[in-house]
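Notes for the structure review
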Amino acid sequence: MQATHGVRRLRMLSLAMALTIGVTACSASTDQAQPATNAPSSTLRGTTTELATTTSTAASPSTVSTTTPTPTTTTTTTTATTTAAPAATTTEPAEIPERSIAVPAAAAPSIDGIIKSGEWDSAAAVTMSNGDTAYWQHSDETLYVALDGDDIGAVNLVLATGEELWILHSSAALGSSLFVPGDETWEQVHGYSWCCRSAYDDTARLGLLEDEGWQANIGFTGDIGVVEYQVAIPWGFARAAIVYHAEDRDSAYWPDDLGSADAEHITSNMWMDPELDPGSWMMLIPEQESGSD
């Protein structure tokens, strides 16, 4: 863990008063892809919230390999709508690629921005490009991811199948962006519509979980730099990446050789170049629960 809870809480008081991540909220619909950096204005940290979750048997952690950067090309824009629904489940490939990460089965954590003792002990731990740690585990068919960073910032968890690419964004609010392959380029079919700004009321987050199949804590709850995700949209055998952008520093990312060009396309919500390909990212392989066939 990057810092003790005590140190984080002291830093929280000064950072929360001074931080300004950037800016204006997007409207519910857009005429073109909206940059993820147009996230909600920062607010003071509020109290931590917890959600009731189910549990399953823990499995052992796994190891990870690395990725190859995707080429940089000129981006284009397309028309976006606001309709979105979870896609069909992903299917297991005939052969598991070398560039994959086994995601252990473990008890479901609370999505509150606090890495509690024992919650992520069975998870697969990966190292971001800046040395921060991200944890991956699942309970039944739900994926759980935690970023253990050092600063309040904007976090984008990306899941890509052959049919779609989801960018799941957490900063001072939550929002998602969905791209699908078009005839010549990626097309955005669901743009950011910011929600879940409250540090005190989980109603909107639970609504997002029901409507889109995911939720996360916002950056102003829990411990500084910790963002936890719960994801029920298709994730098994999907390709995955994380980009973590904090003020006054370069973005951190995983896989750690994702490259700054792909990281920038994710952070700016401009995943529309036809040559941008998540095929070299890490594939998420669900491990079986202990005792199951």
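The structure reproduced in this document is the subject of the present report. Since we're looking at a predicted model, the values are computed, not measured.

Before going further, it helps to spend a moment on the pattern of salt bridges. This structure, assessed with the given rule, holds five salt bridges. Between Arg99 and Asp257 there is a salt bridge, with its nearest N and O atoms 3.8 Å apart. A residue pair is termed long-range when its members are at least 10 positions apart, and Arg99 in the loop between helix H1 (5–18) and strand E1 (100–103) and Asp257 in the loop between strand E12 (252–254) and helix H3 (260–267) qualify at 158 residues. With relative accessibility at 18%, the residue Arg99 sits in the buried group. Via salt bridges that share partners, Asp132, Asp151 and Arg249 belong to a single interconnected network.

Attention now moves to empty space enclosed by the protein. Scanning the model with the defined rule gives one cavity of 30 Å³ or more in all. Roughly 40 Å³ of volume is contained in the largest cavity. Surrounding the largest cavity, 12 residues form its lining, Asp151, Ile152, Gly153, Gly225 and Val227 being those nearest its centre. Breaking the lining of the largest cavity down by element, the ones donating at least two residues are strand E5 (153–160) and strand E10 (226–231). Broken down by class, the residue content of the lining of the largest cavity amounts to six nonpolar, three polar and three charged.

For the rest of this paragraph, the subject is H3. When you tally the buried positions in H3, you get six out of eight residues, the bulk of the element. Restricting attention to buried positions, one finds in H3 the residues Ala261, Asp262, Ala263, His265, Ile266 and Thr267. Elements in contact with the buried residues of H3: E5, strand E6 (165–170), strand E11 (239–246) and E12. Of the residues one or two after H3, Asn269 is the one with positive phi, at around 55°.

Procedures and definitions
- Residues numbered from 1 in each chain as written.
- Predicted model: local features only at pLDDT ≥ 70, side-chain atom pairs only at ≥ 80, totals over all residues.
- Heavy atoms only, no water.
- Salt bridge = Lys/Arg side-chain N within 4 Å of Asp/Glu carboxyl O.
- Helix = DSSP H or I, 4+ residues; strand = E, 2+ residues; numbered from the N terminus.
- Buried < 20%, exposed > 50% of the residue type's maximum accessible area, 1.4 Å probe, protein only.
- 1 Å grid on protein atoms, 1.4 Å probe; cavity = no way out; pocket = protein on both sides within 12 Å on 5 of 7 lines; lining within 4 Å.
- Points joined across faces, edges and corners; volume = space filled by probe spheres on them.
- Nonpolar A, V, L, I, M, F, W, Y, C, P; charged D, E, K, R; others polar.
- Contact = heavy atoms within 4.5 Å.

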